[in-house]
Every structure is written in C-alpha cells, then in structure tokens.
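The residues making up each chain are set out below.
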Amino acid sequence: MSVRRLVVANWKMNKTAAETAEYLDIFLAQLPSLPSDVEIVLAPPFTSIARAASKIKGFGVRLGAQTMHWELRGAYTGEISAPMLLEFGVSHVILGHSERRAYCDETDRTVNLKVHTALQQGIVPIVAVGETLAQRRAGITDDHVVAQTKAAFDGVSAGALPGVVIAYEPIWAIGTGENCDPVEANRVMATIRSSLQGLDETPILYGGSMNTDNVGAYAAQPDINGGLIGGASLDPNGFAQLIRSAAVSP
Ligand code: PGA
C-alpha cells in the first residue's frame with residue numbers, strides 16, 4: 001500500500017501579501033517541472049491567504065493555514081475560524097506546531113479540540129508532534145510523541161485517521177540546521193504510526209531543517225511520506241528544487 005506524499009511549506013510569520021504574490025509568480029511558473037505525485041500545500045500567514053488563493057486558482061496547489069480556533073465564531077478576539085478559512089479555499093491547517101505550543105499556549109487539549117473542528121469542517125489537520133533536546137537526552141522521545149499523538153486524536157475514529165496528516169518535528173531540529181538523522185526520524189515515525197489503529201495510510205511528514213540536500217534521504221525512508229518545511233520554503237526557486245529532490249528516492 002502506498003501512502004500519498006505531501007510537501008508542506010510553513011512560512012511562519014514571513015511574507016506580506018505583496019511578497020506572497022511575487023513568490024507565487026516565480027513558484028507557479030515552475031510547476032510543470034515538479035513531480036505530479038507529490039501534493040504541494042502552501043501555508044502562508046493569514047493576511048496572505050486571500051492573495052495566495054486567487055493566485056493558485058487552477059494550479060492544483062493546496063492552501064493551508066498555520067493555526068485556527070476550535071470554535072466556529074464568537075468572542076475570541078484576534079482568532080480565525082474554520083469557516084473563515086474555508087471561504088478562501090483553505091484545505092489544510094497546521095495544528096500544534098511546537099512554536100505555538102511554546103509561545104501561544106497551544107496544549108494537547110486545544111490541539112484535540114481543533115482536530116475535531118477541522119475534521120467536522122472538512123479541513124485536513126496537519127498535527128505536529130516532537131520532542132525537545134532534553135526529552136531526547138532523557139530517552140523519552142517515543143513516549144512523548146506517542147502521548148502527543150494519542151492526545152491529538154482522542155475521540156477521533158480510526159476510520160477518520162487516513163484523512164489526517166502528522167508531522168514529526170523534533171524541536172531541536174527546527175530552524176537550527178541540525179536535522180534529525182533520516183533513519184532515526186523514520187524509526188520515531190514508525191513508532192507514531194503504530195501508536196494508534198488507523199494510521200497505516202496516514203501521511204507522516206518529517207520537519208526540522210529539511211532542505212534540498214537532505215530531502216532525498218528522508219524520501220527514501222519507508223515511513224516518511226513528505227516534509228513540513230520552514231526556512232527552505234521561503235525562496236520559491238529553492239522550494240521548487242526541494243520538491244524535485246523529494247521525488248528522487250532510490
Ligand atoms: P524549518 O522549520 O524547516 O525551518 O526547520 C520546520 C517547521 O517548523 O515546520
């Protein structure tokens with residue numbers, strides 16, 4: 001059985017709407033040279049979503065958000081809801097990114113609430129899990145990521161799990177240039193996959209200093225179905241090259 005493959009660009013707090021338009025002019029021109037069997041999801045900041053949505057129309061590239069609220073509307077100053085995202089054709093949402101867990105009070109509980117809302121609303125949740133360096137050194141990586149995975153999907157039926165995406169992102173590897181060894185990443189990801197019934201066909205992505213040079217080694221691993229890419233997605237030519245390299249699995 002082959003699991004579908006995805007490459008997700010997480011721009012974080014980068015690019016104005018004007019910069020997004022410039023990026024897409026360059027990136028979309030390269031689409032004909034990119035592998036057709038890799039799904040591409042771009043997750044720009046909220047303020048760039050409208051511009052990105054009109055630019056990518058008809059190109060087969062998917063649009064993601066970097067977070068959302070679990071309620072559909074109401075008195076939640078500063079928040080964005082699923083219907084607001086759906087209006088612009090957003091199909092994916094990153095939930096539980098370690099930066100949001102660290103700086104914005106995202107917890108296993110809020111991730112779980114958001115996963116349920118996303119699935120009810122027809123948005124694919126991309127749930128990020130991963131250990132700190134201290135947790136890795138303490139030998140509790142597997143326990144931690146399995147606990148995060150179980151908490152995120154608590155109450156979700158096994159039948160719904162092929163429709164979600166998980167991203168394994170060791171926190172110590174994010175934005176540091178110190179990527180996790182692909183064989184070790186694959187081992188942790190296989191552990192995540194076997195932690196719940198229903199994850200056999202769920203794409204599990206690696207994230208953390210993935211780049212054009214190392215993406216091929218990840219793509220060659222059996223339990224790695226793509227990448228969640230931060231820094232290396234910010235340059236349109238570099239990101240296109242990374243996607244090309246992702247297809248080159250021995
Ligand atoms: P990075 O970020 O590729 O810059 O390490 C990945 C992420 O945080 O999703």
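Refer to the preceding data block for the structure.
Below or above, wherever it landed, is the structure these notes cover.

Cut-off values and rules
- Residues numbered from 1 in each chain as written.
- Predicted model: local features only at pLDDT ≥ 70, side-chain atom pairs only at ≥ 80, totals over all residues.
- Heavy atoms only, no water.
- Pairing = 2+ DSSP bridges.
- Helix = DSSP H or I, 4+ residues; strand = E, 2+ residues; numbered from the N terminus.
- Axes fitted to C-alpha atoms, helices over the stretch in contact; angles between N-to-C directions.
- Contact = heavy atoms within 4.5 Å.
- Core = buried A, V, L, I, M, F, W, Y, C linked by side-chain atoms within 4.5 Å.
- Buried < 20%, exposed > 50% of the residue type's maximum accessible area, 1.4 Å probe, protein only.
- Salt bridge = Lys/Arg side-chain N within 4 Å of Asp/Glu carboxyl O.
- Polar contact = N/O pair within 3.5 Å; in protein donor to acceptor, adjacent residues only side chain to side chain.

## Remarks on the sheet that holds strand β8 (residues 226–229)
The parallel closed barrel is built from eight strands, whose spatial order is β1-β2-β3-β4-β5-β6-β7-β8. Strand-to-strand twist of the sheet, defined as the mean angle between neighbouring strand axes without regard to direction, takes the value 25°. Inspection of the sheet shows strand β2 (residues 38–43) paired to strand β3 (residues 62–65) by two bridges, in the parallel sense. Counterpart to L42 in the pairing with β3 is L63. Sheet contacts for helix α2 (residues 46–56): β3 and β4 (90–95); angle to β3, the most-contacted strand, approximately 175°. Contacts between helix α5 (residues 108–121) and the sheet are confined to β4 and β5 (124–129), with β5 contributing the most and set at about 160° to the helix.

## Some details on the environment of G64
As for its placement among the helices and strands, G64 is situated in strand β3. It is 5.1 Å that separates the C-alpha atoms of G64 and V93, two residues lying 29 residues apart in sequence. In contact with G64, not counting residues within four places along its chain, are V41, L42, A43, P44, I49, V90 and H92.

## Focus on the nonpolar core
Nonpolar side chains tend toward joint burial in soluble globular proteins. One finds F27, I40, F153, Y168, Y206 and F239 to be the most contacted residues of the largest nonpolar core, which totals 59 residues. No other element matches the five residues that helix α10 (residues 236–246) contributes to this core. In this structure, A43, I94, I126 and A128 belong to the second largest nonpolar core, which totals twelve residues.

## As for the pattern of salt bridges
Enumeration according to the criterion identifies twelve salt bridges in this entry. Residue E99 pairs with K12 through a salt bridge whose shortest N-O separation is 2.8 Å. Of this pair, E99 sits in helix α4 (residues 98–103) while K12 sits in the loop between β1 (5–10) and α1 (17–29), and the two are 87 residues apart along the sequence. Classification of E99 as partly exposed rests on a relative accessible area of 24%.

## Digging into the side chain of S195
For S195, the location among the structural elements is in the loop between α8 (182–193) and β7 (204–207). At 2.6 Å, the side chain of S195 and the backbone oxygen of I192 are in polar contact. Residue contacts for S195: discarding those within four places in its chain leaves V146, T149 and K150.

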